[in-house]
Amino acid sequence: MQALVTGGAGFIGSNIVEALVADGHRVRVLDDLTTGYADNVHADAELVVGEVADEDAVAGAVEGAEVVFHLAAHRAVLRSVEQPLATDSANVHGTLTVLKAAADAGVGRVVYASSSSVYGGAAELPTPETAPTWPRSPYAVTKLTGEHYCRVFAELYGVETVALRYFNVYGPRQRPDSAYAAVIPLFIAALRQGTPAEVHGDGKQSRDFTYIDDVVAANLAAASAPAERCSGKAYNIAGGCAYSLLDLLDILGGILGVEWRADHGAPRPGDVRHTRADISAARNDLGHDPKVDFPEGLARTAAWFSNR
Ligand SMILES: NC(=O)c1ccc[n+]([C@@H]2O[C@H](COP(=O)([O-])OP(=O)(O)OC[C@H]3O[C@@H](n4cnc5c(N)ncnc54)[C@H](O)[C@@H]3O)[C@@H](O)[C@H]2O)c1
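These remarks concern the structure in this document. (Residues numbered from 1 in each chain as written. Predicted model: local features only at pLDDT ≥ 70, side-chain atom pairs only at ≥ 80, totals over all residues. Heavy atoms only, no water.)

## Structural notes on the environment of Glu259
- Take Glu259: it is sitting in the loop between helix H9 (245–256) and strand S13 (262–265).
- For the pair Glu259 and Ala225, spaced 34 residues apart in the sequence, the C-alpha separation amounts to 45 Å. (Helix = DSSP H or I, 4+ residues; strand = E, 2+ residues; numbered from the N terminus.)

So, in structure tokens, the structure goes:
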């Protein structure tokens, strides 16, 4: 199979590229390298540096692809609050550009990276896909808009599309050193350096953390599941269990063999209190079940940091 991975130089995309190459597929990456790194891209994949909102760049990159994994996006919620126009251009116009190019080129399927943020803190836990969506940031609006475009392209333009709502993904290649880094690499870095972990609020907020290998497996399943079951739909992709930030620090402290300390700051505006996904739809329609539990995923992630 020939695949295009947009955002394939980033954390999740580069792990998908690696799995595709390992399975013997031909892979092209389209990435503008804003938050991704060229050296994340597997040597056997072709890297095209360009933007997903650039029609010509996307038309060239999509040529010959049977499947597109569309991950390129401005990922950080805070950045979207500070730069809503840039986030909209990359995430909404970028997604529309990818879908249109895929339809024009006769691509069979587009697998789209959506986000649990579309729920905006659902009242129902575990949260099924039928729960109301209530985006609370420009980022979440763009991810939900992308889902609607995916559904409309499946209905009107004959491109099969599957949207995956990831819940807090973590694992190797997720970096602690960007202005908008995620909590797990930040906490691992703090504990390794012996500095206090910066916790927003009381640390009892909980998340359904999802190990990267399970996200990669979900993408591969979404690329091949029967269209009559999954095309035009959106699925929760999550570990299926919730852990608080204090639980996270306890487990990491045990893995790294250190006493942890935390600096508690003000809760972040817009942060939801708890997330936990109902993952039965992905199990039924995509045949996908997460395999890596949280302590095991954290141990693998900490080992990756130690070996870097
Ligand atoms: N990490 C998570 O927990 C999480 C959760 C939910 C959804 N997602 C989604 O998964 C996808 C990948 O996220 P990630 O964590 O790997 O982030 P990342 O920042 O590591 O990867 C995004 C990649 O897209 C590239 N990119 C950004 N804007 C682009 C543009 N306009 N044109 C071309 N390339 C561009 C970046 O250079 C980067 O390589 C994103 O769509 C994100 O919204 C991630």
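Past the structure itself, the notes keep going.
## With respect to the sheet that holds strand S11 (residues 233–237)
- Strands sit in the order S3-S2-S1-S4-S5-S6-S11 across an open sheet of 7 strands; the sheet is parallel. One side of each edge strand has no neighbouring strand; the edge strands of this open sheet are strand S3 (46–49) and S11. Each adjacent strand pair in this sheet contributes to an overall mean axis angle of 20°, direction not counted.
- Here 4 bridges tie strand S2 (residues 26–31) to S3, and the two strands are oriented parallel to one another. Across the sheet, the residue bridging to Val29 is Leu47, located in S3.
- Here helix H2 (residues 55–62) sits on the sheet in contact with strand S1 (2–6), S2 and strand S4 (67–70), set at roughly 170° to S2.
- The strands touched by helix H4 (residues 84–105) within the sheet are S1, S4, strand S5 (109–115) and strand S6 (160–166), with S4 carrying the most contacts at an inclination of about 180°. (Pairing = 2+ DSSP bridges. Axes fitted to C-alpha atoms, helices over the stretch in contact; angles between N-to-C directions. Contact = heavy atoms within 4.5 Å.)

## A look at helix H6 (residues 183–193)
- For H6, the full list of buried residues reads Ile184, Pro185, Phe187, Ile188, Ala189, Ala190 and Leu191.
- Residues of H6 that are buried sit in contact with strand S7 (169–170), strand S8 (197–200), H9 and helix H11 (294–307).
- Among the residues trailing H6, Gly194 stands out with phi positive, at a value near 75°. (Buried < 20%, exposed > 50% of the residue type's maximum accessible area, 1.4 Å probe, protein only.)

## As for H9
- Between the first and last C-alpha of H9 there are 16 Å, a value that for 12 residues agrees with the 16 Å anticipated at 1.5 Å per step.
- Of the positions making up H9, those classed as buried are Leu245, Leu248, Leu249, Leu252 and Gly253. Taken around the axis of H9, the buried residues stretch over an arc of 130°, which confines them to a single face.
- Buried residues in H9 make contact with H6, S8, strand S12 (243–244), S13 and H11.
- Immediately downstream of H9, the backbone of Gly257 shows phi near 70°, a positive value. (Expected span 1.5 Å × (residues − 1). Arc of directions from axis to C-beta.)

## With respect to the nonpolar core
- One finds Ile12, Phe69, Leu164, Tyr166, Leu248 and Leu286 to be the most contacted residues of the largest nonpolar core, which totals 54 residues.
- Once residues within four sequence positions are removed from consideration, Phe69 is found in contact with Ala3, Leu4, Val5, Thr6, Ile16, Leu20, Val111, Asn219, Leu220 and Ala223.
- Residues Ala72, Val110, Cys150 and Val159 belong to the second largest nonpolar core, which totals 21 residues. (Core = buried A, V, L, I, M, F, W, Y, C linked by side-chain atoms within 4.5 Å.)

## Describing the side chain of Ser80
- Within the fold, Ser80 resides in helix H3 (residues 77–82).
- Within the structure, the side chain of Ser80 is placed 2.9 Å from the backbone nitrogen of Tyr139, a separation counted as a polar contact.
- Filtering out sequence-adjacent residues up to four positions away, Ser80 remains in contact with Thr87, Ser137, Pro138 and Tyr139. (Polar contact = N/O pair within 3.5 Å; in protein donor to acceptor, adjacent residues only side chain to side chain.)

## Some details on the pattern of salt bridges
- Considering all chains together, one arrives at 13 salt bridges under this definition.
- A salt bridge links Arg173 to Glu18; the shortest N-O distance between them is 2.4 Å. Here Arg173, found in the loop between S7 and H6, pairs with Glu18, found in helix H1 (residues 11–22); they are 155 residues apart in sequence, far enough to count as distant.
- The class of Arg173 is buried, set by a relative accessible area of 18%.
- Among the ionic pairs, Arg273 bridges to Asp202, the shortest N-O distance being 2.9 Å. You can see Arg273 sitting in the loop between S13 and helix H10 (280–286) and its partner Asp202 sitting in the loop between S8 and strand S9 (206–207), a full 71 residues away along the chain.
- Relative accessible area serves as the criterion here: at 35%, Asp202 is assigned to the partly exposed category.
- Overlapping salt bridges, with partners in common, bring together Asp213, Glu296 and Arg300 in one network. (Salt bridge = Lys/Arg side-chain N within 4 Å of Asp/Glu carboxyl O.)

## Let's talk about the state of the cysteines
- Inspection of the entire model under this criterion finds 0 disulfides.
- Of all cysteine sulfurs in the structure, the one in Cys230 sits closest to Cys150, which takes part in no disulfide; the separation is 12 Å.
- Residue Cys150 is classed as buried on the basis of its relative accessible area, which comes to 2%. (Disulfide = S-S within 2.5 Å.)

## Structural notes on a negative patch on the surface
- A surface patch of negative charge is lined by Glu51, Asp54, Glu55 and Asp56.
- Mapped onto the fold, Glu55 is located in helix H2.
- Assessed through its relative accessible area of 60%, Glu55 is described here as exposed. (Patch = residues over 30% accessible without salt bridge, like charges linked within 9 Å, V, L, I, M, F, W, Y side chains within 5 Å. Areas by Shrake-Rupley, 256 points an atom, 1.4 Å probe, with all protein chains shown as cover. Lys, Arg positive; Asp, Glu negative; His and termini not counted. Charge placed at Lys NZ, Arg CZ, Asp CG, Glu CD.)

## A word on the site of the ligand
- Lining the immediate surroundings of the ligand are 28 residues, of which Asp31, Thr35, Leu71, Tyr139 and Lys143 lie closest.
- One nitrogen or oxygen atom from the side chain of Thr35 is found 2.7 Å from an oxygen atom belonging to the ligand.
- Side-chain polar atom of Tyr139 to an oxygen atom of the ligand: 2.6 Å apart, as the coordinates give it.
- Mapped onto the shell around the ligand, the elements with two or more residues apiece are H1, S5 and helix H5 (138–156). (Near = heavy atom within 4 Å.)

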